[in-house]
Amino acid sequence: MNCATATAHPNIALVKYWGKRDVALNLPAVPSLSLTLAPWSTRTTVETDAPRDEVRLAGRPATDAEASRVTRFLDLVDPDRPPCVVDSANDFPTAAGLASSASAFAALALAATEALGHTRTRAELSALARRGSGSACRSLWGGFVRWDRGTRADGADSCGHPVAGPDHWDLRMVVAIVSDGPKPTASTAGMLHTARTSPLYAGWVASAEATLAEAQAAVLDRDLERLGRAMEQSTFTMHATMHTSDPPLIYWLPATLAVVHAVQALRRGGVGAWATMDAGPQVKVLCEVEDADTVQRAIAPHALRTAILGPGRDAHLEPAC
Ligand code: PMV
C-alpha cells in the first residue's frame, strides 16, 4: 500500500476562463490569469491497493456522480492503477462559485501521482489537473498564475505558468458569500450554452488576449488600479456573454449587485476596491491589505458571511500521510 497527502489552495481568476476550444481535454478558448488564495485549502489523501475504489468527501461517502468524477480522473493519472481510497476535505465553504473544484483537482493530481508512484513535472501535473477542472491547472502554483490557451490539439501547451510568487504583492480578496444555494448551472454546461447562443461570444474571445496582457503587466508593476480595471473588464464582459445567451444565464442575485454597488461607492470615496464574480452569485473584492477591513465592513450588510483571503503558496505534498 502507498499513501500520499497533498494540500492545494483555490484560485480566483482576475482574467477569466470562459469557453472551451476542446471539451474532452478541457482546453480553453481564452487565456486566463488568477491569484491563488490562502488560508482556504483542500487536503486530499490517496491510498493505493484498496479492496475497491472508495471516495470520501468532507468525511462522508461521495455520491455516485462525485465518485465517478474522481475515479475517472484517477484513470487519467494511471490507466493501470489498483483500486484506491480517496479522502478529500475543504476547510472552506463548498458554495457556488468559490473555486472548490480548482483546489480539489490540484490536490488530487499531486496526491494521486505520488501515491501511484509516478514522477511528473509541475507543468505536467498542471495539465493533468486541467482535465479534472480547467481552473485547477492554475492551483498548482502560489501567487499569480497564467493559463495559456495553447494551440496544440493534444493540449500539451495549455497549462499554468507562474507569473509572480505569493511574496510579490500582498493583496487581499474580500469574499462576500451572498447565497448558500447550489450552483444553478455547472460551468461546462454554461460555457457551451454561451458559446452556442450568445451573439457577444466572439467579441469576448477576440478581446481576451489584450485584457490578459493588460492584467499581467499590472501585476508585474504592482499597479492595483490598472489590475482592478482589467479584472472588472474581464468579469463584466464574461457575464455579458452569459446574460445574452438564449435563454439568458444569470448567476447573479440581487445581493450580488448590491455588493458591486457598494464597491463602486467605496471607489467614489477614494478606496481602491474592484469586484469580480464567477459561475455563481458570490462576489470577490480585490484591494490593498490596509483597505481590507474597510471593504469588509462596507459589503458585510449585503452578505451572509465574509472572509478576507491573501496570496497562497504552491500546492504541496504533506510530510506524513
Ligand atoms: O474550471 P471550471 O470548469 O470550474 O470553470 C471556471 C470558470 C470561472 O470560474 C467562471 C472562471 C475562471 O477562470 O475560474
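Residues numbered from 1 in each chain as written. Predicted model: local features only at pLDDT ≥ 70, side-chain atom pairs only at ≥ 80, totals over all residues. Heavy atoms only, no water.

For the rest of this paragraph, the subject is the state of the cysteines. Among covalent bonds in proteins, the disulfide is the one between the sulfur atoms of two cysteines. Within this structure, the stated rule accounts for 1 disulfide. Two residues share a disulfide in this structure: Cys3 and Cys321, whose sulfurs sit 1.7 Å from each other. Of the two residues, Cys3 sits in strand β1 (residues 3-8) while Cys321 sits in the segment after β16 (316-317), which places them 318 residues apart along the sequence. Residue classification places Cys321 among the partly exposed positions, given a relative accessible area of 48%. (Disulfide = S-S within 2.5 Å. Helix = DSSP H or I, 4+ residues; strand = E, 2+ residues; numbered from the N terminus. Buried < 20%, exposed > 50% of the residue type's maximum accessible area, 1.4 Å probe, protein only.)

The environment of the ligand is made up of 13 residues, and the closest members are Tyr17, Ser133, Ser135, Arg138 and Ser187. For the ligand, an oxygen atom lies 2.9 Å from a polar atom in the backbone of Tyr17. Ser133 places a polar side-chain atom, nitrogen or oxygen, 3.1 Å from an oxygen atom of the ligand. Coverage of the ligand by the protein amounts to 91% of the 380 Å² it exposes when considered alone. Classifying every residue of the shell around the ligand by side-chain character gives 5 nonpolar, 5 polar and 3 charged. (Near = heavy atom within 4 Å. Polar contact = N/O pair within 3.5 Å; in protein donor to acceptor, adjacent residues only side chain to side chain. Areas by Shrake-Rupley, 256 points an atom, 1.4 Å probe, with all protein chains shown as cover. Nonpolar A, V, L, I, M, F, W, Y, C, P; charged D, E, K, R; others polar.)

Let us now look at helix α8 (residues 292-299). Taken as a whole, α8 has its buried residues at Ala292, Val295 and Ile299. Seen from one end, α8 has its buried residues packed into an arc of 65°, which puts them on one side. (Arc of directions from axis to C-beta.)

This part covers the packing of helix α2 (residues 100-115) against helix α3 (residues 122-132). Angle between the axes and distance between the axes are the two parameters that describe a pair of packed helices. At their nearest, the axes of α2 and α3 sit 8 Å apart, and the two run at 125° to each other. Regarding the angle of α2 to α3, the classification is oblique. As for the relative orientation of α2 and α3, their crossing is right-handed in sense. Of α3, the residues touching α2 (which contributes Phe105, Ala106, Ala109, Leu110 and Thr113) are Arg122, Leu125, Leu128, Ala129 and Gly132. When grouped by side-chain class, the residues that make up the contact of α2 with α3 number 7 nonpolar, 2 polar and 1 charged. (Axes fitted to C-alpha atoms, helices over the stretch in contact; angles between N-to-C directions. Parallel < 35°, antiparallel > 145°, perpendicular 65-115°, else oblique. Left-handed = near helix turned anticlockwise from the far one by under 90°. Contact = heavy atoms within 4.5 Å.)

Within a beta sheet, neighbouring strands are joined by backbone hydrogen bonds and run either parallel or antiparallel to one another. Taken in spatial order, the 6 strands make up an open sheet running β8-β7-β9-β6-β1-β16, and their pairing is mixed. In the strand order of this sheet, the two ends are held by β8 (60-61) and β16, each with one partner. Pairing geometry for strand β7 (residues 54-57) and β8, over 2 bridges, is antiparallel. Each bridged residue has a counterpart across the sheet, and for Arg56 the counterpart in β8 is Pro61. Along the sheet, α2 makes contact with β1, β6 (42-48), β9 (84-90) and β16, crossing β6 at roughly 30°. (Pairing = 2+ DSSP bridges.)

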